[in-house]
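Here are the chains, one letter per residue:
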Amino acid sequence: MSYGFYFDMSRCIGCRTCQVACKDRHDLQTVGPRTRRVASYESGVFPNPSIYHVAVSCNHCEDPACVKSCPTTSMHKTDDGLVVHDDSLCVQCRYCMMACPYGAPQWDEATSMIVKCDSCMDLREAGKNPVCVDACLTRALDFGDIDELREKYGSGLVSEIPAIGPADLTHPNLLLRVTEGVDDETFNEVAL
């Protein structure tokens, strides 16, 4: 069993409510770290331009580069496949940050510690959803067993797009329902 996120790009309006909810949940007071990040991209040219939004956090990869690079096992996988960080073992080397192709581990200046998505493990153990899932206004996010999510949301799901990179590096537990323009290799990130 592997857990991960489903994200429907066709429903996302780029409001960043999931990002704010996650930042609040982790009590991240500083400007820098965002354990869930929403980025907006433009692609295409007139008469067929596109804009789309991508919400990413830790993808709880099958073969996580961050775990491989951690010298202390602070970054490790749980029995149910989640990638988590143990602050008590961390030596603040930041190798996990350098290794992760998705930018999931982030440095929190206020605590001098790595922060990352743990899928709100304590909330889920209490039968609740991760805060990003419940905060999403358009219900573009979901979390659960990857096989169950794949069955729930049907065919046509992918785990990679040009804006976030190839899936063969770490085999992310991420399912994306893509929208128009996402396959265009000539995309640009835009500030909204």
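Thresholds, definitions, all that
Residues numbered from 1 in each chain as written. Predicted model: local features only at pLDDT ≥ 70, side-chain atom pairs only at ≥ 80, totals over all residues. Heavy atoms only, no water. Core = buried A, V, L, I, M, F, W, Y, C linked by side-chain atoms within 4.5 Å. Buried < 20%, exposed > 50% of the residue type's maximum accessible area, 1.4 Å probe, protein only. Helix = DSSP H or I, 4+ residues; strand = E, 2+ residues; numbered from the N terminus. Contact = heavy atoms within 4.5 Å. Pairing = 2+ DSSP bridges. Axes fitted to C-alpha atoms, helices over the stretch in contact; angles between N-to-C directions.

As annotated in an unreviewed UniProt entry, the protein chain carries the name 4Fe-4S ferredoxin and comes from Eggerthella sinensis.

Peer 1: Whenever I open this one, the nonpolar core confuses me. Can you help?
Peer 2: In a soluble, globular protein the nonpolar side chains are often hidden away together inside. Core analysis: the largest hydrophobic core is formed by 42 residues, its most contacted members being F7, V54 and I161. Put simply, the parts of the chain that give this core at least two residues each are β1 (3–8), β2 (37–43), β3 (50–56), β5 (83–85), β7 (113–115), α5 (131–135), β8 (141–145) and β9 (174–177). Beyond its immediate stretch of four places on either side in the chain, I161 contacts M9, V54, L176, V178 and V182.

Peer 1: Sorry if this is basic, but what is going on with the sheet that holds β3 here?
Peer 2: Strand pairing within a sheet occurs via backbone hydrogen bonds; the two strands may be parallel or antiparallel. With respect to topology, three strands assemble into an open sheet ordered β3-β2-β10, the strand pairing being antiparallel. Only two strands of the sheet have a single partner each, and these edge strands are β3 and β10 (188–190). Between one strand and the next, the sheet's axes are offset by a mean angle of 40°, whatever the strand orientation. Direction of pairing for β2 relative to β10: antiparallel, over a ladder of three bridges. Across the sheet, residue Y41 finds its bridge partner in β10, namely E189.

Peer 1: Explanation requested: the pairing of β3 in the structure shown.
Peer 2: Every regular strand shows the same layout, with side chains that alternate between the two sheet faces. Counted residue by residue, β3 has six buried out of seven residues, so it is predominantly covered. Pairing of β2 with β3, which is carried by seven bridges, proceeds in the antiparallel orientation. When the bridges of β3 are listed, A39 appears paired with V54. Counted between consecutive antiparallel strands, the loop separating β2 from β3 contains six residues, among which G44 sits at a positive phi close to 80°.

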